[in-house]
Amino acid sequence: MLCEVCHQNEATIHIKEVRNGKIVSHDLCASCAKLKEEQGELGVLGFNLAEVLFKFGKLSLKPDGGEDPSGGGEPGGGEREGSGEAEKVSELPPCPACGWTAKLLCESSRLGCPECYRAFAPLIEGAVERFQRGGFHLGKRPGAAAAGKTARLAEIAKLKRELARLVSREEYEAAAVCRDRINALRASVAGGAEPAEE
Amino acid sequence: MKGSIETLLRNPLGFLGGPAGDDGIVLSTRLRFARNLAGHRFPGALPPEERSAIGETVEAAVSAGTAPPKGRRTGAAAGRRKKAPGASAGSPDGELLVFEPGAMERIDREVLAERRLVTDELLRSPAGTMLLVRPDETVSITVNGEDHIRLQALRPGFRLAECLGELNRIDDLLAERLDYAFDDKLGYLTASPTNVGTGMRASAMLHLPGLVLSGQIAATVQGIGKLNLSVGGAFGDGTDNRGNLFVISNQSTLGESEEQILERLAAVIRQIVAQERLARAGLIEKDQNAIYDFVGRSYGVLRHSYCLGGAEAVKCLSGVRFGVDAGLFGSLTAARVNELLLAVGSAHLQKRAGRELSASERAARRAALCREMLKNA
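Residues numbered from 1 in each chain as written. Chains lettered and ligands numbered in written order. Predicted model: local features only at pLDDT ≥ 70, side-chain atom pairs only at ≥ 80, totals over all residues. Heavy atoms only, no water.

Moving on: the confidence of the model for chain A. All names here are of chain A. Looking at chain A, the pLDDT average stands at 69 and 57% of residues meet or exceed 70. Per-element averaging of pLDDT across chain A places strand β3 (residues 44-46) at the bottom with 44 and helix α5 (residues 116-119) at the top with 94. The low-confidence segment residues 43-50 (pLDDT under 50) makes 30 contacts with residues lying over four places distant or belonging to another chain. Across residues 56-87, confidence stays below pLDDT 50; counting only partners more than four residues off in sequence or on other chains, it has 55 contacts. (pLDDT = per-residue confidence, 0-100. Helix = DSSP H or I, 4+ residues; strand = E, 2+ residues; numbered from the N terminus. Contact = heavy atoms within 4.5 Å.)

Next up, the structure:
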């Protein structure tokens, strides 16, 4: 999609604003958006995070790919964008846990797995600091460590399928063992203790 | 319990039901926590078979926390089973309705979206998702949407603190049974970095005809944007503010506690409510005839049309609602207007008809419904 102002560059910034009580959206290139922003023409309602990440991600990386300790330029400070820096972003190695890439992050504004936060830290931190109100979590934390509980619940689900299969084949002895195992796991999940070894 | 849309439709007011507050300016409050399971890819990157495993794991954790004390309880589990989240006051928590949007008819899915139980994004890709919802719709849990788990509390009126208390109870209960993806510095890790930290999005739906008619809305919206909050319409993906309905929500999720975020949001909403009240009073004082005309025309269209589009219906309902709030109608209640606001949705109309309807059929049925429901106003 081309920028609605210059009709020349690709529109990479998508903005909503209110005009005469109606929400209207704009598709702009970075330089026209910056111009509009400077002229105070945008009553911004929302932003496309993918573009923010991409834009700011580029700014927060030095040309050599290292992290800029200053955290990069101001929002909309497109003057530091260089044509080669877009490639720098995609040169971050993929997430070792899930294979997600920086390019996918920039396109979708989504991550592949919790580990991606580590893998793309330079890219995410630069962006997060700009649209969040701080870099540290100050809210609630999960209660007592629930380590292993997810695995036990997954095991219960698996055993339930196995139980249905055994019952349908009339293998009642094996089914009884399976049922007891499910009950033990359920008790451990509800009570927080490890299941007793058989 | 496997859910049926018919069960939900027994609440004609959906999320707009219950006691009205704040002069009817804040129609509803919604709070949502995004949570993910450690050691798993986020839903968008999950292969289908793993998605269903996540669904089973979460459902097991939810049912372990919400199961009513009956037959299935056995042995050691019985004595230690947790009370259902928010199960006080005899609410039927154990009976969460379970929906699998991927296996549902399109219209049924859209009914869920019109009732604010699923997002538009989930409508577009429902495969492998699951929705658990309390029959009164005040609490719902979406599995495998953008994040593994989205807990939602939805209440009529302006009730942020109540929603937070409710969600915290359920969240704590699930946290005892599930390993959440959590980082000491970044908090709850979410599929999108816009939700990282608290994973909390709080929003309120406001009816602001006074600010729109008096031309103050653009300045208000700009002001809100500067306070790190976001404003959008109540329809579509927040791009459609038909019916003078606006949704105000927190933009940032990291760097403040849940309570701090809500305090900031509540302060701004209280201010907007005050401005809206002033704007309405000003309009009535300045040009009473114009307001009577606005309300009267809105009522006239709803009462006498035979072909009514969705956007026009919502716009006119806004006018009528303004009139109800200003005491211009004798017997028409805000609840009746809210009921219509939900009932004129395309999916609700089709569900009521029991079949898919063309746009012109919908327009005719929408008009008939409005004529019928407003005839004694």
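Our focus in this paragraph is the packing of helix α4 (residues 106-114) of chain B against helix α13 (residues 346-353) of chain B. Residues and elements named next belong to chain B. Where α4 meets α13, the closest approach of the two axes is 8 Å, and the angle between their N-to-C directions is 130°. Taken as axis vectors, α4 and α13 run oblique relative to one another. Seen along the crossing, α4 lies across α13 with a hand that is left-handed. Contact with α4, carried on its side by Ile107, Asp108, Glu110, Val111 and Glu114, involves Ser346, Ala347, His348, Gln350 and Lys351 of α13 and no other residues of that element. Counted by class, the contact of α4 with α13 contains three nonpolar, three polar and four charged residues. (Axes fitted to C-alpha atoms, helices over the stretch in contact; angles between N-to-C directions. Parallel < 35°, antiparallel > 145°, perpendicular 65-115°, else oblique. Left-handed = near helix turned anticlockwise from the far one by under 90°. Nonpolar A, V, L, I, M, F, W, Y, C, P; charged D, E, K, R; others polar.)

Residues and elements named next belong to chain B. Spatially, the eight strands line up as an open sheet ordered β2-β3-β4-β5-β1-β8-β10-β9, and their pairing is antiparallel. In the strand order of this sheet, the two ends are held by β2 (97-99) and β9 (229-233), each with one partner. On average, each strand axis in the sheet is inclined to that of its neighbour by 20°, with strand direction left out of account. As judged from the seven bridges shared by strand β1 (residues 26-35) and strand β8 (residues 200-207), these two strands associate in the antiparallel manner. Looking across to β8, one finds that Ser28 is bridged to Met205. Across the sheet, helix α9 (residues 258-286) touches β1, β8, β9 and β10 (245-250), and the angle it forms with β8 is around 10°. (Pairing = 2+ DSSP bridges.)

Residue and element names in this part refer to chain B. Within β10, five of the six residues are buried, leaving the element largely enclosed by the surrounding structure. In this sheet, β10 lies alongside β8 in antiparallel orientation, the contact comprising five bridges. Along β10, the bridge assignment pairs His207 with Leu245. (Buried < 20%, exposed > 50% of the residue type's maximum accessible area, 1.4 Å probe, protein only.)

Residues and elements named next belong to chain B. For chain B, the average pLDDT comes to 86, and 90% of its residues sit at 70 or higher. Across chain B, helix α14 (residues 359-373) holds the top mean pLDDT of 96, while helix α3 (residues 75-80) sits lowest at 29. A low-confidence stretch, residues 67-92 (pLDDT under 50), is modelled with 39 contacts involving residues beyond four sequence positions or located in other chains.

This paragraph deals with the pattern of salt bridges. This structure, assessed with the given rule, holds 34 salt bridges over all chains. Between Glu256 of chain B and Arg133 of chain A there is a salt bridge whose closest N-O contact spans 3.4 Å. Within this pair, whereas Glu256 of chain B is found in the loop between β10 and α9, its partner Arg133 of chain A is found in the loop between α6 (121-131) and α7 (149-168), the two belonging to separate chains. A relative accessible area of 40% places Arg133 of chain A in the partly exposed class. As a salt-bridge pair, Arg321 of chain B and Asp325 of chain B come within 3.3 Å of each other at their nearest N and O atoms. One end of the pair is Arg321 of chain B and the other is Asp325 of chain B, both in helix α11 (residues 310-325) and four residues apart, which spans about a single turn. Shared partners join several salt bridges into a network, and the residues in it are Arg134, Arg155, Arg159, Glu162, Glu166 and Arg169 of chain B. (Salt bridge = Lys/Arg side-chain N within 4 Å of Asp/Glu carboxyl O.)

We now examine the domain arrangement of chain B. Residues and elements named next belong to chain B. Looking at the assigned domains, one finds that chain B contains domain 1 (5-280) and domain 2 (287-373). Regarding the contact of domain 1 and domain 2, the summed buried area is about 2100 Å², with carbon and sulfur atoms giving 67% of it. For the pair domain 1 and domain 2, the number of links is four salt bridges. At the boundary of domain 1 with domain 2, the tally comes to 12 residue pairs in polar contact (both at pLDDT 80 or more). Elements supplying a minimum of two residues to the side of domain 1 that touches domain 2: α1 (5-9), α4 and α7 (209-213). Take the side of domain 1 that touches domain 2: its biggest share by element is six residues, from α4. Partitioned by chemical class, the residues of the side of domain 1 that touches domain 2 number 13 nonpolar, five polar and nine charged. (Domains from an automatic or database assignment. Buried area = accessible area lost by both parts, 1.4 Å probe. Polar contact = N/O pair within 3.5 Å; in protein donor to acceptor, adjacent residues only side chain to side chain.)

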